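Analysis of the macromolecular model
Chain residues, written in single-letter form:
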Amino acid sequence: MTASAHAAHLAELNIATLRHPLDDPRIAPFVEMLDPVNAAADDAPGFVWRLVEEGSPDATGLRPAGENVIVNLSVWETPEALWDFTYRSGHLEVMRQRREWFERHVEAHLVLWWVPAGHLPTVGEALGRLADLQANGPSPRAFTFASSFAAAEAAEHLEVAAPTRPAPAGATLTPAGDAN
(Lines give C-alpha, C1' and ligand atoms only; values in the text may rest on other atoms or scores of the structure.)
Protein backbone atom coordinates (compact mmCIF):
# COMPACT_ATOMS: atom_id res chain seq x y z
CA MET A 1 0.00 0.00 0.00
CA THR A 2 1.29 3.43 -0.79
CA ALA A 3 1.36 6.39 1.52
CA SER A 4 -0.99 9.11 0.40
CA ALA A 5 -1.79 12.70 1.27
CA HIS A 6 -5.47 11.99 0.52
CA ALA A 7 -7.75 11.69 3.57
CA ALA A 8 -10.08 9.41 1.62
CA HIS A 9 -9.53 6.82 -1.05
CA LEU A 10 -11.92 5.45 -3.63
CA ALA A 11 -12.97 1.83 -3.24
CA GLU A 12 -14.28 -0.09 -6.22
CA LEU A 13 -16.09 -3.40 -6.59
CA ASN A 14 -17.18 -4.94 -9.83
CA ILE A 15 -18.67 -8.34 -10.37
CA ALA A 16 -18.83 -10.41 -13.55
CA THR A 17 -20.95 -13.48 -14.23
CA LEU A 18 -18.95 -16.01 -16.20
CA ARG A 19 -20.47 -17.52 -19.35
CA HIS A 20 -18.31 -20.62 -18.80
CA PRO A 21 -16.03 -21.96 -16.03
CA LEU A 22 -12.59 -20.34 -15.80
CA ASP A 23 -10.92 -23.54 -17.01
CA ASP A 24 -13.09 -23.65 -20.17
CA PRO A 25 -11.08 -22.92 -23.36
CA ARG A 26 -13.61 -20.23 -24.32
CA ILE A 27 -12.49 -18.21 -21.27
CA ALA A 28 -8.75 -18.82 -21.88
CA PRO A 29 -8.14 -15.40 -23.52
CA PHE A 30 -9.50 -13.68 -20.41
CA VAL A 31 -7.44 -15.87 -18.08
CA GLU A 32 -4.31 -15.12 -20.15
CA MET A 33 -4.88 -11.37 -19.66
CA LEU A 34 -5.26 -11.59 -15.87
CA ASP A 35 -1.59 -11.45 -14.88
CA PRO A 36 -0.58 -8.62 -17.23
CA VAL A 37 -3.65 -6.52 -16.40
CA ASN A 38 -3.23 -7.06 -12.64
CA ALA A 39 0.47 -6.18 -12.91
CA ALA A 40 -0.48 -3.00 -14.77
CA ALA A 41 -2.95 -2.13 -12.01
CA ASP A 42 -0.35 -2.76 -9.32
CA ASP A 43 2.02 -0.36 -11.09
CA ALA A 44 -0.58 2.26 -12.04
CA PRO A 45 -0.31 5.74 -10.55
CA GLY A 46 -2.82 6.09 -7.71
CA PHE A 47 -3.23 2.35 -7.11
CA VAL A 48 -3.45 1.47 -3.40
CA TRP A 49 -4.62 -2.15 -3.02
CA ARG A 50 -6.57 -5.01 -4.58
CA LEU A 51 -8.12 -8.15 -3.18
CA VAL A 52 -6.25 -11.36 -3.91
CA GLU A 53 -6.94 -14.91 -2.81
CA GLU A 54 -4.32 -16.23 -0.41
CA GLY A 55 -1.65 -18.04 -2.42
CA SER A 56 -2.96 -16.67 -5.71
CA PRO A 57 -2.08 -13.60 -7.78
CA ASP A 58 -5.77 -12.66 -8.17
CA ALA A 59 -9.24 -13.10 -6.67
CA THR A 60 -10.85 -15.25 -9.36
CA GLY A 61 -11.06 -18.26 -7.04
CA LEU A 62 -13.14 -16.34 -4.51
CA ARG A 63 -16.87 -16.62 -5.15
CA PRO A 64 -18.66 -14.53 -2.49
CA ALA A 65 -21.34 -13.37 -4.94
CA GLY A 66 -22.16 -16.77 -6.44
CA GLU A 67 -20.45 -19.80 -7.91
CA ASN A 68 -20.20 -18.35 -11.43
CA VAL A 69 -19.50 -14.74 -10.36
CA ILE A 70 -15.99 -13.36 -10.06
CA VAL A 71 -15.19 -10.20 -8.09
CA ASN A 72 -12.68 -7.41 -8.41
CA LEU A 73 -12.23 -5.25 -5.32
CA SER A 74 -9.63 -2.48 -5.24
CA VAL A 75 -8.76 0.87 -3.68
CA TRP A 76 -7.42 3.93 -5.52
CA GLU A 77 -6.20 7.34 -4.39
CA THR A 78 -8.56 9.21 -6.72
CA PRO A 79 -11.38 8.58 -9.19
CA GLU A 80 -9.09 9.90 -11.95
CA ALA A 81 -6.48 7.25 -11.17
CA LEU A 82 -9.09 4.48 -11.37
CA TRP A 83 -10.62 5.97 -14.54
CA ASP A 84 -7.21 6.22 -16.21
CA PHE A 85 -6.40 2.61 -15.42
CA THR A 86 -9.84 1.35 -16.44
CA TYR A 87 -10.21 3.25 -19.71
CA ARG A 88 -6.71 4.40 -20.71
CA SER A 89 -4.59 1.27 -20.27
CA GLY A 90 -4.42 -2.34 -21.41
CA HIS A 91 -7.46 -2.95 -19.22
CA LEU A 92 -9.58 -1.37 -21.94
CA GLU A 93 -8.95 -4.38 -24.20
CA VAL A 94 -10.50 -6.64 -21.57
CA MET A 95 -13.49 -4.29 -21.38
CA ARG A 96 -13.94 -4.43 -25.16
CA GLN A 97 -14.07 -8.23 -25.14
CA ARG A 98 -16.07 -8.73 -21.93
CA ARG A 99 -19.26 -9.92 -23.70
CA GLU A 100 -17.32 -12.95 -24.97
CA TRP A 101 -16.67 -14.10 -21.40
CA PHE A 102 -19.33 -12.51 -19.17
CA GLU A 103 -23.10 -12.27 -19.08
CA ARG A 104 -24.72 -8.85 -19.36
CA HIS A 105 -25.87 -7.69 -15.93
CA VAL A 106 -29.39 -6.33 -15.53
CA GLU A 107 -28.58 -4.66 -12.20
CA ALA A 108 -25.58 -2.53 -11.33
CA HIS A 109 -22.40 -4.58 -11.33
CA LEU A 110 -19.92 -1.84 -10.39
CA VAL A 111 -19.99 0.31 -7.29
CA LEU A 112 -17.68 3.04 -6.04
CA TRP A 113 -17.51 4.51 -2.54
CA TRP A 114 -15.14 6.53 -0.41
CA VAL A 115 -13.18 4.95 2.44
CA PRO A 116 -10.83 6.56 4.96
CA ALA A 117 -7.24 6.45 3.68
CA GLY A 118 -5.64 3.28 5.03
CA HIS A 119 -8.91 1.34 5.27
CA LEU A 120 -9.07 -1.88 3.26
CA PRO A 121 -12.69 -2.76 2.56
CA THR A 122 -13.95 -6.26 3.18
CA VAL A 123 -15.82 -8.27 0.59
CA GLY A 124 -18.91 -8.05 2.79
CA GLU A 125 -18.63 -4.27 2.95
CA ALA A 126 -18.24 -4.10 -0.83
CA LEU A 127 -21.20 -6.36 -1.51
CA GLY A 128 -23.24 -4.25 0.92
CA ARG A 129 -22.38 -1.11 -1.06
CA LEU A 130 -23.35 -2.83 -4.30
CA ALA A 131 -26.66 -3.93 -2.76
CA ASP A 132 -27.23 -0.34 -1.57
CA LEU A 133 -26.63 0.98 -5.11
CA GLN A 134 -28.92 -1.66 -6.62
CA ALA A 135 -31.71 -0.95 -4.12
CA ASN A 136 -31.48 2.83 -3.81
CA GLY A 137 -29.61 4.13 -6.84
CA PRO A 138 -26.55 6.37 -6.70
CA SER A 139 -25.87 8.28 -3.50
CA PRO A 140 -22.79 9.57 -1.65
CA ARG A 141 -22.72 6.12 -0.01
CA ALA A 142 -22.62 4.05 -3.22
CA PHE A 143 -22.22 5.43 -6.73
CA THR A 144 -20.83 4.90 -10.24
CA PHE A 145 -18.52 6.78 -12.58
CA ALA A 146 -21.57 8.23 -14.33
CA SER A 147 -23.13 9.47 -11.09
CA SER A 148 -20.19 10.15 -8.82
CA PHE A 149 -19.80 12.08 -5.59
CA ALA A 150 -16.73 13.83 -4.21
CA ALA A 151 -15.18 12.63 -0.97
CA ALA A 152 -16.43 15.77 0.78
CA GLU A 153 -20.00 14.94 -0.26
CA ALA A 154 -19.59 11.44 1.15
CA ALA A 155 -17.88 12.50 4.40
CA GLU A 156 -20.70 11.22 6.61
CA HIS A 157 -20.44 7.83 4.89
CA LEU A 158 -16.68 7.46 5.41
CA GLU A 159 -17.18 5.45 8.56
CA VAL A 160 -16.15 1.87 8.07
CA ALA A 161 -19.29 -0.07 7.33
CA ALA A 162 -19.91 -3.30 9.17
CA PRO A 163 -19.57 -6.25 6.81
CA THR A 164 -22.87 -7.64 5.57
CA ARG A 165 -21.27 -10.96 4.61
CA PRO A 166 -18.13 -12.58 5.97
CA ALA A 167 -15.00 -12.46 3.83
CA PRO A 168 -14.67 -15.66 1.82
CA ALA A 169 -12.27 -18.31 3.03
CA GLY A 170 -8.83 -17.75 1.57
CA ALA A 171 -9.22 -14.01 1.02
CA THR A 172 -6.29 -11.89 2.00
CA LEU A 173 -6.50 -8.22 2.76
CA THR A 174 -2.94 -7.23 2.03
CA PRO A 175 -1.56 -4.97 -0.67
CA ALA A 176 -1.00 -6.67 -4.00
CA GLY A 177 1.87 -4.36 -4.93
CA ASP A 178 3.24 -0.88 -4.64
CA ALA A 179 2.07 1.97 -6.80
CA ASN A 180 4.53 4.39 -8.34
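So, here's what we can say about the structure. None of the values given here were measured: they were computed from a predicted structure. (Residues numbered from 1 in each chain as written. Predicted model: local features only at pLDDT ≥ 70, side-chain atom pairs only at ≥ 80, totals over all residues. Heavy atoms only, no water.)

Digging into helix α1 (residues 28–43)
Our working definition: Helix and strand assignments follow DSSP, with helices taken as H or I runs no shorter than four residues and strands as E runs no shorter than two, numbered in order from the N terminus. By this rule, a helix spans an expected 1.5 Å times one less than how many residues it contains. Burial classes follow relative accessibility: with a 1.4 Å probe on protein chains only, a residue under 20% of its type's maximum area counts as buried, one over 50% as exposed, and anything between as partly exposed. Throughout, a residue-residue contact means that at least one pair of heavy atoms, one from each residue, lies within 4.5 Å.
Relative to the 22 Å expected for 16 residues at 1.5 Å per residue, α1 spans 24 Å between its end C-alpha atoms, a close match to the ideal helical length. When α1 is considered as a whole, its buried residues turn out to be F30, M33, L34, V37, N38, A41 and D42. Looking at the buried residues of α1, the elements they touch are β2 (47–50), β4 (69–76), α2 (79–87) and α3 (91–101).

Here's the deal with the sheet that holds strand β1 (residues 8–17)
Operational definition: Between any two strands, at least two bridges found by DSSP are needed for them to pair. Every axis corresponds to a line fitted to the C-alpha atoms, with the helix fit spanning only the stretch in contact, and the corresponding angles, defined between N-to-C directions, vary from 0 to 180 degrees.
Strand order in the open sheet made by the 4 strands is β2-β4-β1-β5, with antiparallel pairing throughout. Here the strands that pair on one side only, and so sit at the sheet edges, are β2 and β5 (110–116). The average angle at which neighbouring strand axes cross in this sheet is 25°, direction not considered. One ladder, built from 8 bridges, connects β1 with β4; its direction is antiparallel.

Structural notes on the packing of α2 against α3
Spelled out, the test is: In this count, Pro and Cys sit with the nonpolar residues alongside Ala, Val, Leu, Ile, Met, Phe, Trp and Tyr, while Asp, Glu, Lys and Arg are called charged and the others, Gly among them, polar.
Their axes nearest at 5 Å, the elements α2 and α3 cross at an angle of 65°. Seen from α2, the contacting residues are F85, T86 and Y87; seen from α3, they are H91, L92 and M95. Considering only residue class, the contact of α2 with α3 consists of 4 nonpolar, 2 polar and no charged.

Looking at the nonpolar core
As a reminder, the rule being used: Buried Ala, Val, Leu, Ile, Met, Phe, Trp, Tyr and Cys residues form a nonpolar core when they are joined through side-chain atoms within 4.5 Å.
Within the largest apolar cluster, 25 residues are counted, with the highest numbers of intra-cluster contacts made by F30, W76, W101, F102 and W114. For this core, the elements supplying multiple residues, two or more each, are β1, α1, β4, α2, α3 and β5. It is α1 that provides the largest number of residues to this core, a total of 5 residues. Apart from the residues lying within four places of it in its own chain, the contact partners of F102 are A16, T17, L18, R19, F30 and I70. If you look at the next biggest cluster of nonpolar residues, it comprises 22 residues, including A11, V71, V75 and A126.

Focus on the pattern of salt bridges
Quick note on the threshold: By definition here, a salt bridge exists when the distance from a side-chain nitrogen of Lys or Arg to a carboxyl oxygen of Asp or Glu is within 4 Å.
The final tally for this structure, using the stated rule, is 5 salt bridges. As a salt-bridge pair, D24 and R26 come within 2.7 Å of each other at their nearest N and O atoms. For R50, the salt bridge goes to D42, with nearest N and O atoms at 2.8 Å. Like D42, R50 is buried.

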